[in-house]
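Letter by letter, the chains look like this.
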Amino acid sequence: MSQARASLLNRLVPDRFILWLLGAVALATLLPVRGVLAEALDWLTLAAIFTLFFLHGVRLPREALVYCLTYWRLHLAILAATFAVFPLIGFGLAALLPGALTPELWTGILFLCALPSTVQSSIAYTSMAGGNVAGAVAAAAFSNLIGVFLTPLLVSLLLEAQGAEISLTGIGKIAALLFLPFLLGHALRPLLLPLVKDRPRLTTVVDKGTILLAVYGAFSAAVVEGIWSRVPLFDLGLLGAVCGLILALVLAATWVIGRLGRFGPESRAAILFCGSVKSLASGAPMARILFPGAAAGTVILPIMLFHTLQLIVCAWIAARLAQKVPLTRSA
């Protein structure tokens, strides 16, 4: 592959993991698991989710939590964008354009809007743009921590307002499979952190492997139930357009929040990139827990599309910001 083609591919697909996700969907479409194998995959996925959040607890720096307390204005702004502005945008579009998507896809949109911020991407883009990296690290970590509780509650409220609901059993499973291992991992952080730091590929494999297992299992169940007959290409195009509209609106909202809050340029970059992205790493496992069987496959579709869009658009914005005059250090 020539250097020019490689550069073009990097711009179009800044994270090659997108290709792995598409591969998982393709594999589920061609070879979906059924019966006993599907049950075994579910148990394997649950074990992977437990391990994933256990490692998140080990990796969470306590300095990040202290930073949240000392610079609360920044984190309040990011949390407002993540857990207030996003859900309001999603709910508003669902109310204004109910016929644009099927009820199942609108459920996926509302679930997407209730998710916490992503960790790696928001920090990477904040750093690329010369922003407040320490603030981004703390905000992303805190967002994922409280998202274990806030996301199921927000989803429940949003769906109830739309005349739907999720099982309370699913909310209990979220606490058992996400928060408890997170607490256990953080409690054991002094003992396990050196081991985890010396094996960075371990956490990468668990992170991405858990997502792929969740996506493959969800789409397998959805394919068995005929998802591609219920979600034709035209509907996928509309879903992509809605995801693009949500991303544009939230990017504008986070920029306005940074301006109106009189934050410095570095912190505005952190608000922009932490407040406008959503975590597939949290979303895929949560979807497998909250939504039974084939429903999870439809719910994950908007997250995957939005994840792809946010990577491409935010990479472009970060590169443009990096080309400007170097940001001065200010709050």
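Worth saying up front: this structure is predicted, and the values here are computed from it rather than measured.

> Got a sec to walk through helix 14 (residues 265-275)? Specific residues and values, please.
Counting buried positions along helix 14 gives ten out of eleven residues, so the element sits mostly inside the fold. For helix 14, the set of buried residues is Glu266, Ser267, Arg268, Ala269, Ala270, Ile271, Leu272, Phe273, Cys274 and Gly275. Buried-residue contacts for helix 14 involve helix 5 (72-96), helix 7 (120-128), helix 8 (133-161), helix 13 (233-260) and helix 16 (295-323).

> Pulling in residues and values, what's your account of the nonpolar core?
Counting 89 residues, the largest nonpolar core has Ile109, Phe111 and Val215 as the members making the most contacts within it. Not counting residues up to four positions away in its chain, the partners in contact with isoleucine 109 are Leu101, Leu239, Val242, Cys243, Ile246 and Pro302. Core analysis: the second largest hydrophobic core is formed by eleven residues, Ala77, Ala136, Ala139 and Phe263 among them.

> Please provide a residue-by-residue account of the packing of helix 5 against helix 13, values included.
In the contact formed by helix 5 and helix 13, the axes pass within 10 Å of each other and the chain directions differ by 140°. With respect to their mutual orientation, helix 5 and helix 13 come out oblique. Here helix 5 and helix 13 pass one another in a crossing that is right-handed. Side by side, helix 5 and helix 13 meet where Ala77, Ala81, Val85, Phe86, Ile89 and Leu93 of the first sit next to Val242, Leu245, Ile246, Leu249, Val250, Ala253, Thr254 and Ile257 of the second. In terms of residue class, the contact of helix 5 with helix 13 is built from 13 nonpolar, one polar and no charged.

> Give a detailed account of the side chain of serine 122, specifying residues and quantitative values.
Topologically, serine 122 is positioned in helix 7. A polar contact is formed between the side chain of serine 122 and the backbone oxygen of threonine 118, at a distance of 2.7 Å. When sequence neighbours within four positions are dropped, the list of residues in contact with serine 122 reads Ser117, Ala136, Ala140, Phe273, Cys274 and Val277.

> Give me the packing of aromatic side chains: which residues, what numbers.
The tally for this structure, following the rule as stated, stands at three aromatic pairs. Seen in terms of ring centroids, phenylalanine 86 and phenylalanine 306 are 5.8 Å apart; in terms of plane orientation they differ by 75°. Their pairing is edge-to-face. Linking phenylalanine 86 in helix 5 with phenylalanine 306 in helix 16, this pair joins segments that are 220 residues apart in sequence. Taken individually, phenylalanine 86 and phenylalanine 306 each receive the classification buried, so the pair is uniform in this respect. Consider the rings of phenylalanine 111 and phenylalanine 291, whose centres lie 5.5 Å apart with planes at 85°: the pair is edge-to-face.

> Can you break down the packing of helix 5 against helix 8 residue by residue, with the values?
At a minimum axis distance of 10 Å, the contact between helix 5 and helix 8 shows a crossing angle of 30°. Between helix 5 and helix 8, the crossing angle belongs to the class labelled roughly parallel. Between helix 5 and helix 8 the crossing geometry is right-handed. Contacts between helix 5 and helix 8 involve Leu74, His75, Ile78, Leu79, Thr82, Phe83, Pro87 and Phe91 from the former and Gly135, Ala138, Ala139, Phe142, Ser143, Ile146, Gly147, Leu150, Thr151, Leu154, Leu158 and Ala161 from the latter. Residue composition of the contact of helix 5 with helix 8, by class: 14 nonpolar, six polar and no charged.

Reading guide: rules and limits
- Residues numbered from 1 in each chain as written.
- Predicted model: local features only at pLDDT ≥ 70, side-chain atom pairs only at ≥ 80, totals over all residues.
- Heavy atoms only, no water.
- Buried < 20%, exposed > 50% of the residue type's maximum accessible area, 1.4 Å probe, protein only.
- Helix = DSSP H or I, 4+ residues; strand = E, 2+ residues; numbered from the N terminus.
- Contact = heavy atoms within 4.5 Å.
- Core = buried A, V, L, I, M, F, W, Y, C linked by side-chain atoms within 4.5 Å.
- Axes fitted to C-alpha atoms, helices over the stretch in contact; angles between N-to-C directions.
- Parallel < 35°, antiparallel > 145°, perpendicular 65-115°, else oblique.
- Left-handed = near helix turned anticlockwise from the far one by under 90°.
- Nonpolar A, V, L, I, M, F, W, Y, C, P; charged D, E, K, R; others polar.
- Polar contact = N/O pair within 3.5 Å; in protein donor to acceptor, adjacent residues only side chain to side chain.
- Phe/Tyr/Trp six-rings, centres within 6.5 Å; stacked < 30°, edge-to-face > 60°.

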